[in-house]
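Residue-level structure breakdown
Here is how the chains run, residue by residue.
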Amino acid sequence: MNKSDLKRDHYMLKGPLAKQGYDWWWHSLTAYNKETGEPRPFFIEYFVCNPDLAEDEPTLGQDPKNIEEGKKPSYCMLKVGAWGKDPKQIHNFYSMKDFECASDKLDLKVGEYSLTETHMTGYCKVTEEEAREHPEYMCDAGEMKWDLDIDKQIAFNVGYGANSFFRKLNAFEMFWHAEGIKTQYKGTIEMDGVEYEVIPEKSFGYADKNWGGDFTSPWLWISSSNLRSLITGKKLNNSAFEAGGGKPKAFGISLPRKLLIGFYYEGKMYEYNFARFWNNVHVDFGFKEGEELNEWFINCSNWNSKLELKLYCKRDEMLLFNYEAPTGKKLHTRLWNGGNGYGEIKLMKKDGTLIDHIKIENAGCEYGEYDDDRTHNVIDK
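Residues numbered from 1 in each chain as written. Predicted model: local features only at pLDDT ≥ 70, side-chain atom pairs only at ≥ 80, totals over all residues. Heavy atoms only, no water.

Under the annotation held in an unreviewed UniProt entry, the chain carries the name Tocopherol cyclase and is attributed to Methanobrevibacter olleyae.

**Quick notes on the overall build of the chain**
Secondary structure assignment for the chain yields three helices and 25 strands. Classification of the 381 residues of the chain by burial places 56% in the buried group. When the accessible surface of the chain is totalled, it reaches about 16500 Å², and 48% of it is carbon and sulfur. (Helix = DSSP H or I, 4+ residues; strand = E, 2+ residues; numbered from the N terminus. Buried < 20%, exposed > 50% of the residue type's maximum accessible area, 1.4 Å probe, protein only. Areas by Shrake-Rupley, 256 points an atom, 1.4 Å probe, with all protein chains shown as cover.)

**Considering the side chain of E45**
Along the chain, E45 falls in strand β2 (residues 39-49). Buried charged residue E45 carries no salt bridge. Nearest counter-charge: K79, at 5.4 Å. A polar contact of 3.2 Å, which involves the side chain of E45, links it to the side chain of W24. A polar contact of 2.9 Å, which involves the side chain of E45, links it to the side chain of Y323. Contact partners of E45, with chain neighbours within four places excluded, come to W24, W25, W26, M77, L78, K79, V80 and Y323. (Lys, Arg positive; Asp, Glu negative; His and termini not counted. Salt bridge = Lys/Arg side-chain N within 4 Å of Asp/Glu carboxyl O. Polar contact = N/O pair within 3.5 Å; in protein donor to acceptor, adjacent residues only side chain to side chain. Contact = heavy atoms within 4.5 Å.)

**Concerning the packing of aromatic side chains**
The geometry of two aromatic rings is summed up by the distance between their centres and the angle between their planes. Scanning all chains against the criterion turns up 33 aromatic pairs. Relative to W221, the ring of W26 has its centre 5.8 Å away and its plane inclined at 80°; by these criteria the two rings are edge-to-face. One end of the pair, W26, is in strand β1 (residues 22-33); the other, W221, is in strand β13 (residues 219-224), with 195 residues separating them in the sequence. Like W26, the residue W221 is buried in the burial classification. We note K79 situated over the ring of Y323; from NZ or CZ to the ring centre the distance is 4.7 Å. (Phe/Tyr/Trp six-rings, centres within 6.5 Å; stacked < 30°, edge-to-face > 60°. Lys NZ or Arg CZ within 6 Å of the ring centre and 35° of its normal.)

**Side note on the pairing of strand β25 (residues 354-368)**
Examined bridge by bridge, β13 and β25 share five bridges and lie antiparallel to one another. Paired with I222 across the two strands is C365, which belongs to β25. Taken together, the four bridges between strand β14 (residues 226-229) and β25 define a ladder with antiparallel strand orientation. Its bridge partner lying in β25, S229 is registered against I358. Pairing geometry for strand β24 (residues 336-349) and β25, over ten bridges, is antiparallel. Residue pairing in the sheet places K346 in a bridge with H357 of β25. (Pairing = 2+ DSSP bridges.)

**Re the side chain of T121**
With respect to the helices and strands, the residue T121 is situated in strand β8 (residues 119-126). For T121, the residues in contact, after removing those within four places along its chain, are Y46, Y113, S114, W146 and D147.

**Notes on unusual backbone geometry**
Geometrically, the link from S217 to P218 is a cis peptide bond, its omega value of -5° lying close to zero. Mapped onto the elements of the fold, P218 is located in the loop between β12 (205-212) and β13. In this structure, M138 takes a positive phi of about 55° despite not being glycine. Within the secondary structure, M138 sits in the loop between α2 (128-133) and β9 (142-156). A positive phi angle, near 45°, is found at F204, a position not held by glycine. F204 gets classed as buried once you look at its relative accessible area, which sits at 18%.

**Re the pattern of salt bridges**
Pairs can form between side chains of opposite charge once their charged atoms are near each other. All told, the structure shown has 13 salt bridges when counted by the stated rule. Notably, a salt bridge pairs K65 with E69, separated by 3.6 Å at the nearest N-O pair. A residue pair is termed a helical-turn pair when its members lie 3 or 4 positions apart in one helix, as K65 and E69 do in helix α1 (residues 64-69) at four residues. Taking relative accessible area as the criterion, K65 reaches 53% and is therefore assigned exposed. For K152, the salt bridge goes to E117, with nearest N and O atoms at 2.6 Å. Here K152 is found in strand β9, whereas its partner E117 is found in the loop between β7 (113-116) and β8, with 35 residues between them in sequence. In the salt-bridge network here, residues are joined through shared partners; they are E55, K65, E69 and K71.

**A look at the pairing of strand β6 (residues 107-110)**
Taking every second residue as pointing to the same face, the buried face of β6 carries L108 and V110, while none of D107 and K109 on the other face is buried. Here three bridges tie strand β5 (residues 99-101) to β6, and the two strands are oriented antiparallel to one another. What sits directly across from F99, in β6, is V110. Where β5 folds back onto β6 in an antiparallel hairpin, the turn is made up of five residues. Where β6 and β7 come together, four bridges link them in antiparallel fashion. Looking at the pairing, K109 lines up with S114 of β7.

**A look at the environment of K79**
Structurally, K79 can be placed in strand β3 (residues 75-82). A relative accessible area of 0% places K79 in the buried class. For the pair K79 and Y323, spaced 244 residues apart in sequence, the C-alpha separation works out to 9.7 Å. K79 has contacts with F43, I44, E45, Q89, I90, H91, F321, N322 and Y323, leaving out every residue within four places of it along the chain. At 2.8 Å, the side chain of K79 and the side chain of H91 are in polar contact.

Here it is in structure tokens:
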């Protein structure tokens, strides 16, 4: 459903989630080296954890001292970095006492940096020594600065599953809203002394948010707005593909493996959303960790259409993303995340008639399972 809902972008950590909950705003995009013109994909995330447990300094859940004392994490983390050649993730942590956010709109401040629906600024730095001596930072060494305008153009609204009623009940362990499955960014990024320009029509950007009390396993995400018809050769400028999910929990009960999928194709939304059961939705998905390439597939259908996706991303251009849950546990030890995914989509009518065959590039892509859940190197049907 291509329906904007800015209320879902608001700060959500109230009630029980204030003591065991996370809320994050995610942005990913492609920028261009000012000297060489070479493209590079970047990500920027403002991540908030357990605000009611705030102390004067950020409380890091992987710090041995905090583990020993049974302390849950509490902080605002700026999580930023780049994929591609020599990928890296950089984390800076702030006490939640240094965090402010309006309750009626997205207007967030942490230290001197900010995020709204239309603009974001920030700076992160971790030295080689800090990264080496502080494994609890869960990150690499590096330095990154950004100042970007944000223009969210196509939304994917997952529907009633994240509406105000279910939000108040904290019905799901992990909520999701993608206000910008096609987002154009404009401005500058500087990483490790190299300047990059962000050009709106070539930024292939994406913006969403997640919040809840814990993460999901498996955890899948695929997104791209750089799409071209292999039949006509035309760029699909009013299109974006989005898939997310894994194994949701509702009211503490695990549901079978499920995804939320939206393909906004030249002005029409093709949706495969398990919550809309009346649409007769079927989804099959899998992931394979390869020696050189990681690989995803999705096959899905509803009462009037079906879609097949195959996606690949070079393993050495991806990161194993580090997050700790609000409980303090770090269960995702192989959460693959990349920004250079590529592949193909076949969009068909229910009878198999081809609507379009599409090349997909500059895709954000992610997959991870908890150690206990993982099946090694097998695409599971």
